[in-house]
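Results of the structural survey
What follows is each chain in one-letter form.
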Amino acid sequence: MSYKCSRCKRDVELDEYGGVRCPYCGHRVLLKERAPDVKEVSVN
Amino acid sequence: MADDFDVEVVTRDDRSARLLVRGLTPAVANGLRRTMLSEVPTFSIDTVRFVENSSVMFDEMVGLRLGLVPLTTPLDDYEVGESATLALDVEGPATAYSGDIETSDDLVQPADENVPIIELKEGQRLEFEADAVLDTGKEHAKHQGGVAVGYRHLQRVTVVGDADEFDEEEPNILRGVIETEDGELVHTEEFDADLTNRHPGKELEIEDVPSAFVFHIESDGSLSVDELTLRAVQSLRDRADELAEKVAV
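Since the structure is predicted, the reported quantities are computational estimates derived from the model, not experimental observations. (Residues numbered from 1 in each chain as written. Chains lettered and ligands numbered in written order. Predicted model: local features only at pLDDT ≥ 70, side-chain atom pairs only at ≥ 80, totals over all residues. Heavy atoms only, no water.)

Thoughts on the UniProt feature "domain: DNA-directed RNA polymerase RpoA/D/Rpb3-type" (unreviewed entry) in chain B
In the numbering adopted here, UniProt assigns the feature "domain: DNA-directed RNA polymerase RpoA/D/Rpb3-type" (unreviewed entry) to residues 16–246 of chain B. In residues 16–246 of chain B, the share of helix is 21% and the share of strand is 39%. The end C-alpha atoms are 36 Å apart. (UniProt positions renumbered as here; feature names shortened; annotations may be inferred. Helix = DSSP H or I, 4+ residues; strand = E, 2+ residues; numbered from the N terminus.)

Structural data, given as structure tokens:
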């Protein structure tokens, strides 16, 4: 899962044990980024 | 049903036309109207593959807007169900318009260049590849080639005498196309849809002309009005033939 810290804007990788916290600045608000893969949408 | 129809063009340009057809029954007139809406196939975007969408709208919302962009349709080159590929890549600050869409086939193009898809701010980007599929309006309304297709009876206006001197002057509103006493066809817009402008102080008689219908046909740009009408007639005829064939033992 890739997230982005809302304070320092750096990419953050979360693991099971670290809890929800930015390892660089300690901020607890992380934003989930849009997945980079192509998304197919059907129009109807 | 009469074998021959008499067709007169009242007004006509690329996207809309008014046709007077004589010798129709109401059932055939309505069948023709419905056929223009639901049986003439046009291209419309059906699936979109979003490579990047950092705009403020969800993929599905952008997709829905894209489906409604009219695309020119070369009916001789494609069968129903076949598809063409389109792509768009616009980076903000800019507005993505239908004219920015690139197509694999030059014959399949957005019918208008100025349909806004989405406004992009600084740093936002929209990139996608889409498949446009040829299908009919009965499958989905986005495939309708005809918009605002309708008909009215032709109305004959005859002057029967002078209006009573002490009659109140009330507007006599009539819409559609009228036939004058000398057989001339006049659209009521020409006299602001008010018969008292055309015949002041006269007493008039208005009657529907039997089996004469004035069609107003408007195309969304995917087909010309001529082709829309001809294809609709062909489709109606084909299906009538098919019915006749199946009923006959």
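Quick word on the state of the cysteines
Residue and element names in this part refer to chain A. The full count for this structure, using the stated rule, is 0 disulfides over all chains. Note on Cys-5: no disulfide assigned, nearest cysteine sulfur contributed by Cys-25 at a separation of 3.6 Å. For Cys-5, a relative accessible area of 1% translates into the label buried. Its relative accessible area of 27% is what places Cys-25 among the partly exposed residues. (Disulfide = S-S within 2.5 Å. Buried < 20%, exposed > 50% of the residue type's maximum accessible area, 1.4 Å probe, protein only.)

Re the sheet that holds strand β4 (residues 83–91) of chain B
The 5 strands are arranged β4(A)-β3(B)-β8(B)-β4(B)-β6(B) in an open sheet whose pairing can be described as antiparallel. Whereas interior strands pair on both sides, the edge strands pair on one side only; in this sheet they are β4 (39–42) of chain A together with β6 (102–103) of chain B. Of the strand pairs in this sheet, β4 of chain A and strand β3 (residues 42–53) of chain B are connected by 4 bridges, and their pairing is antiparallel. For Val-41 of chain A, the partnering residue across the bridge sits in β3 of chain B and is Val-48 of chain B. Its contacts with the sheet put helix α2 (residues 59–67) of chain B on β4 of chain A together with β3 and β8 (125–135) of chain B, and the angle it makes with β3 of chain B is roughly 150°. (Pairing = 2+ DSSP bridges. Contact = heavy atoms within 4.5 Å. Axes fitted to C-alpha atoms, helices over the stretch in contact; angles between N-to-C directions.)

Some words on the UniProt feature "binding site: Zn(2+)" (unreviewed entry) in chain A
Residues and elements named next belong to chain A. When the UniProt feature table is mapped onto this chain, "binding site: Zn(2+)" (unreviewed entry) is found at Cys-8, Cys-22 and Cys-25. In terms of the greatest pairwise C-alpha distance, the residues named above, spread along 18 residues, form a tight cluster of at most 8.8 Å across. Of note, Cys-22 is situated in the loop between β2 (11–13) and β3 (30–32). Ignoring anything within four residues of it in the chain, the contact list for Cys-22 reads Cys-5, Cys-8, Val-12, His-27 and Leu-30. Mapped onto the elements, Cys-25 comes out in the loop between β2 and β3. Not counting residues up to four positions away in its chain, the partners in contact with Cys-25 are Cys-5, Arg-7 and Cys-8.

Thoughts on the packing of helix α1 (residues 26–38) of chain B against helix α4 (residues 225–247) of chain B
Residues and elements named next belong to chain B. Packing of α1 against α4 leaves a shortest axis separation of 9 Å and a crossing angle of 115°. Considering their axes alone, α1 and α4 lie roughly perpendicular with respect to each other. Crossing hand, α1 versus α4: right-handed. Seen from α1, the contacting residues are Gly-31, Leu-32, Thr-35 and Met-36; seen from α4, they are Leu-228, Thr-229, Ala-232, Val-233, Ser-235, Leu-236 and Arg-239. A per-class count over the contact of α1 with α4 returns 6 nonpolar, 4 polar and 1 charged. (Parallel < 35°, antiparallel > 145°, perpendicular 65-115°, else oblique. Left-handed = near helix turned anticlockwise from the far one by under 90°. Nonpolar A, V, L, I, M, F, W, Y, C, P; charged D, E, K, R; others polar.)

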